[in-house]
Amino acid sequence: MSIPLAETPSSLFAHLMRSRTKFRLKLRSRTLALGERTLIMGVLNVTPDSFSDGGKYDQPEIAIEHALALELAGTDLLDIGGESTRPGSEETSVSQELDRILPVLEGLRGRLKIPISVDTRRSAVAELALRADAEIINDVSGLRSDARIAEVAAKYGAPLILMHLRGEPRTMQRGPFAREVIKDVVRGLRDSVAKARQAGVRKSQIILDPGVGFGKSYAQNYELLQKLPLLAALGYPLLVGTSRKGFLGATLARSGKPVPPEERIWGTAATVTASILGGAHIVRVHEVAEMVQVARVADCIVRTIGNR
């Protein structure tokens, strides 16, 4: 589908609110309906150095307990990550990443009733995670780090989340940033989709993520949220992750200092609402119970306007 870039964001916004496109995502264990209501993806970082909760869940027993708590709080999907991709982070080895996530996947086998997504940039990690009962691959590099991830997704018939990342996590927030962020994101996501489709991933199994906070300036993150309908027009389900991110800390700064991640919950709530009104099908968050309420109310707004 072509994107009418000349159309104003407000007119596109109104159109998307009238008709959030519905999709069906086929998993190994079930089929997920996307678009009937917003799905909540709960974050579980089993790393010592993630930007907001590094070290809190890096022991398997604690991570497993937290995963079950997120399910009880109402999350629809669990996203497990074994490598920090925060700004300035260094690469994690494949063995380290597997050592972090596989014990958690094994410990959740038969206990967790919701689908599990594995957040990884490596095909070897993706394949072993799928064998250990993960059902979705979430690649923050959009196949730029390891294009074979698409082959793994095709082989197992697993849904593939493709995120836009400008640069590399270690240097992405040093710039230079794109002059026109929407065009840069659209171009990058189209390239990722082309690679995935060439590797045999079905169109119906692809989800797109604009990569808020990944190689964008603070202002560009807000622009992405404002113009999210332009990305929805690509014709794929959208996942948006704004939870606790640095641009919120800067916006909410006190005495010139960004507020810490744990104090960004209401800023997160505002961006989650904006994401849903802009056409997001899935929102990726840390505070699940609170964002379940936010999504439920935002969905009512979308349905009310859509029924006019």
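Everything below is about the structure printed above this text.
Since this is a predicted model, take the numbers as computed values, not measurements.

Student: Hey, could you run me through the sheet that holds strand β10 (residues 282–285) in this one?
Tutor: Two modes of strand pairing occur in sheets, parallel and antiparallel, and in both the strands are linked by backbone hydrogen bonds. Strand order in this open sheet of eight strands is β8-β7-β6-β5-β4-β3-β10-β9, and the pairing throughout is parallel. Looking at which strands have only one partner, the edges of the open sheet turn out to be β8 (206–209) and β9 (239–240). The sheet contacts of helix α5 (residues 148–156) involve β6 (136–139) and β7 (160–163), and relative to β6 the element is tilted by about 165°.

Student: How should I be thinking about the pairing of β10 in this particular structure?
Tutor: Residues Ile282 and Arg284 point to one face of β10 and Val283 and Val285 to the other, with burial holding for every one of them. For β9 and β10, the ladder comprises two bridges, and the chain directions are parallel. Across the sheet, the residue bridging to valine 240 is valine 283, located in β10.

Student: Teacher, can you tell me more about the packing of helix α3 (residues 94–108) against helix α4 (residues 123–131) here?
Tutor: A packed helix pair is summarised by two numbers, namely the angle formed by the two axes and the spacing between the axes. Look at α3 against α4: their axes get within 10 Å of each other, and the N-to-C directions meet at 15°. With respect to each other, α3 and α4 are oriented roughly parallel. In terms of crossing hand, the pair formed by α3 and α4 is right-handed. On α4, the residues that touch Val94, Glu97, Leu98, Ile101, Leu102 and Leu105 of α3 are Ala124, Val125, Leu128 and Ala129.

Student: Could you clarify how one ought to interpret the nonpolar core in this entry?
Tutor: Nonpolar side chains in soluble globular proteins generally cluster together in the buried interior. Leu44, Leu78, Ile80, Leu108, Leu160 and Leu208 are the most contacted members of the largest nonpolar core, which has 72 residues in total. Every residue in contact with leucine 160, bar those within four places of it in the chain, is listed here: Ile137, Leu143, Ile149, Ala150, Ala153, Ala196, Val201, Gln205, Ile206 and Ile207. Leu32, Leu39, Leu77 and Ile207 belong to the second largest nonpolar core, which has twelve residues in total.

Student: Whenever I open this one, helix α10 (residues 265–277) confuses me. Can you help?
Tutor: Helix length check: α10, at 13 residues, gives a terminal C-alpha distance of 18 Å against a target of 18 Å (1.5 Å per residue), a fit within 8%. Along α10, the residues classified as buried are Ile265, Gly267, Thr268, Ala269, Thr271, Val272, Ser275, Ile276 and Leu277. A positive phi of about 115° marks glycine 279, the residue just after α10.

Student: Which parts of the structure should I look at to understand the pattern of salt bridges?
Tutor: Side-chain pairs of opposite charge can arise where the charged atoms are in close proximity. For the coordinates displayed, the defined rule picks out 19 salt bridges. Arginine 121 is the salt-bridge partner of glutamate 83, the closest N and O atoms lying 2.9 Å from each other. Placement of glutamate 83 in the loop between β4 (77–81) and α3 and of arginine 121 in the loop between β5 (116–119) and α4 is noted, with a sequence separation of 38 residues between them. Judged by relative accessible area, glutamate 83 falls into the buried class, the value being 7%. Residues aspartate 184 and arginine 187 are paired through a salt bridge, measuring 3.5 Å at the closest nitrogen-oxygen approach.

Student: How should the side chain of serine 243 be read in this particular structure?
Tutor: Relative to the elements of secondary structure, serine 243 occurs in the loop between β9 and α9 (246–251). Here histidine 286 takes part through its side chain, which lies 2.6 Å from a polar atom of the side chain of serine 243.

Student: Got a minute to help me understand the packing of aromatic side chains in this structure?
Tutor: Where two aromatic rings form a pair, the distance of their centres and the angle of their planes describe that pair. Scanning the model with the defined rule gives one aromatic pair in all. Geometrically, the ring pair formed by tyrosine 222 and phenylalanine 247 is edge-to-face, given 5.0 Å between the ring centres and 75° between the ring planes. With tyrosine 222 in helix α7 (residues 218–226) and phenylalanine 247 in helix α9, the pair connects residues that are 25 residues apart, well separated along the chain. When its relative accessible area of 32% is taken as the criterion, tyrosine 222 is described as partly exposed. The buried category is assigned to phenylalanine 247, whose relative accessible area is 1%. If you follow lysine 203 out to its NZ or CZ, it ends over the ring of tyrosine 236, 5.4 Å from the centre.

Student: How should I be thinking about the environment of leucine 130 in this particular structure?
Tutor: Here leucine 130 is to be found in helix α4. Each C-alpha atom of the pair leucine 130 and valine 152 lies 9.0 Å from the other, and the pair is 22 residues apart in sequence. Other than its neighbours up to four places away in sequence, leucine 130 contacts Arg28, Glu135, Ile136, Ile137, Val152, Tyr156 and Ala158.

About the thresholds
- Residues numbered from 1 in each chain as written.
- Predicted model: local features only at pLDDT ≥ 70, side-chain atom pairs only at ≥ 80, totals over all residues.
- Heavy atoms only, no water.
- Pairing = 2+ DSSP bridges.
- Helix = DSSP H or I, 4+ residues; strand = E, 2+ residues; numbered from the N terminus.
- Contact = heavy atoms within 4.5 Å.
- Axes fitted to C-alpha atoms, helices over the stretch in contact; angles between N-to-C directions.
- Buried < 20%, exposed > 50% of the residue type's maximum accessible area, 1.4 Å probe, protein only.
- Parallel < 35°, antiparallel > 145°, perpendicular 65-115°, else oblique.
- Left-handed = near helix turned anticlockwise from the far one by under 90°.
- Core = buried A, V, L, I, M, F, W, Y, C linked by side-chain atoms within 4.5 Å.
- Expected span 1.5 Å × (residues − 1).
- Salt bridge = Lys/Arg side-chain N within 4 Å of Asp/Glu carboxyl O.
- Polar contact = N/O pair within 3.5 Å; in protein donor to acceptor, adjacent residues only side chain to side chain.
- Phe/Tyr/Trp six-rings, centres within 6.5 Å; stacked < 30°, edge-to-face > 60°.
- Lys NZ or Arg CZ within 6 Å of the ring centre and 35° of its normal.

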